[in-house]
Amino acid sequence: MFIHERLKESGIPPSFDEMKDALDLRSKSGIHRLIKALEERGFIHRLPNRARALEVIKLPESMNAGGARNRGFSPAVIEGNLGKLRPTASAGPAANDPVPIPVMGRIAAGTPIEAIQTHSHTIAVPPEMLGAGEHFALEIRGDSMIEAGIFDGDTVIVKKSDSADTGDIVVALIDDEEATLKRLRKKGASVALEAANPAYETRIFGPDRVRIQGRLVGLIRRY
């Protein structure tokens, strides 16, 4: 259930360290045994040669019925309302309060780095920067998007989405292992990830190698 909830909230499986902490285990060896047992029983599937590539195939019947939620396990998942605008039915100060957005680690605007990390901390974002839907933030590392006004050390606000239009600046996950921020170009059946810096080449992939994680909607910079 911890894996399921984390995938539902962020789209990224938890690390073994996070699972160890959530289950209050002393070492990751216990998590390895549990993951293997869950896979053997058909509850999860691990993609070979890919770090942290887990998918939930099915849930226990007792969980679907709601019975197991009373067993005392309370996973430390990202709160479901993070990155979402509050309802604005009543006009009042609360409608203008900053919205808490989870920061999901660092992403490369340059050579792709390790896939998006897990929730590290939360930042407050003005509601006018957000629209409908779920949002998360990422810290930028690299200079491949400088001509789009995105610099090393910036924090980008991303609307969670698994699709985007050509020309959008997106968070792209390559081979479920590397994450990068690039401009999306669709060329027939291929997907091109285009830098905004002539020092970097456009990279072209087959559609099965790239998954869109979200679309850039804002940027925060400290001077």
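Quick caveat, the model's predicted, so the values are computed rather than measured.

Whenever I open this one, a nonpolar patch on the surface confuses me. Can you help?
A cluster of nonpolar residues, Leu 23, Leu 25 and Leu 34, forms a patch on the protein surface that exposes about 220 Å² of accessible area. For Leu 34, a relative accessible area of 41% translates into the label partly exposed.

I would appreciate a short explanation of the environment of Arg 211 in the present structure.
Here Arg 211 is to be found in strand 12 (residues 210-220). Expressed as a C-alpha distance, the spacing of Arg 211 and Asp 176, which sit 35 residues apart in the sequence, is 7.7 Å. The contact partners of Arg 211, leaving out residues within four places of it in the chain, are Val 171, Ala 172, Leu 173 and Asp 176.

In this structure, what is going on with the pattern of salt bridges? I would like to understand it.
Working definition: two side chains of opposite charge can pair if their charged atoms are close together. For the structure shown, the criterion picks out seven salt bridges. As a salt-bridge pair, Glu 139 and Arg 106 come within 3.7 Å of each other at their nearest N and O atoms. Taken as a pair, Glu 139 in strand 6 (residues 135-141) and Arg 106 in strand 3 (residues 99-108) lie far apart in primary sequence, 33 residues in all. The class of Arg 106 is partly exposed, set by a relative accessible area of 41%. A salt bridge links Arg 221 to Asp 154, with the nearest nitrogen and oxygen atoms 2.7 Å apart.

About the cut-offs
Residues numbered from 1 in each chain as written. Predicted model: local features only at pLDDT ≥ 70, side-chain atom pairs only at ≥ 80, totals over all residues. Heavy atoms only, no water. Patch = residues over 30% accessible without salt bridge, like charges linked within 9 Å, V, L, I, M, F, W, Y side chains within 5 Å. Areas by Shrake-Rupley, 256 points an atom, 1.4 Å probe, with all protein chains shown as cover. Salt bridge = Lys/Arg side-chain N within 4 Å of Asp/Glu carboxyl O. Buried < 20%, exposed > 50% of the residue type's maximum accessible area, 1.4 Å probe, protein only. Helix = DSSP H or I, 4+ residues; strand = E, 2+ residues; numbered from the N terminus. Contact = heavy atoms within 4.5 Å.

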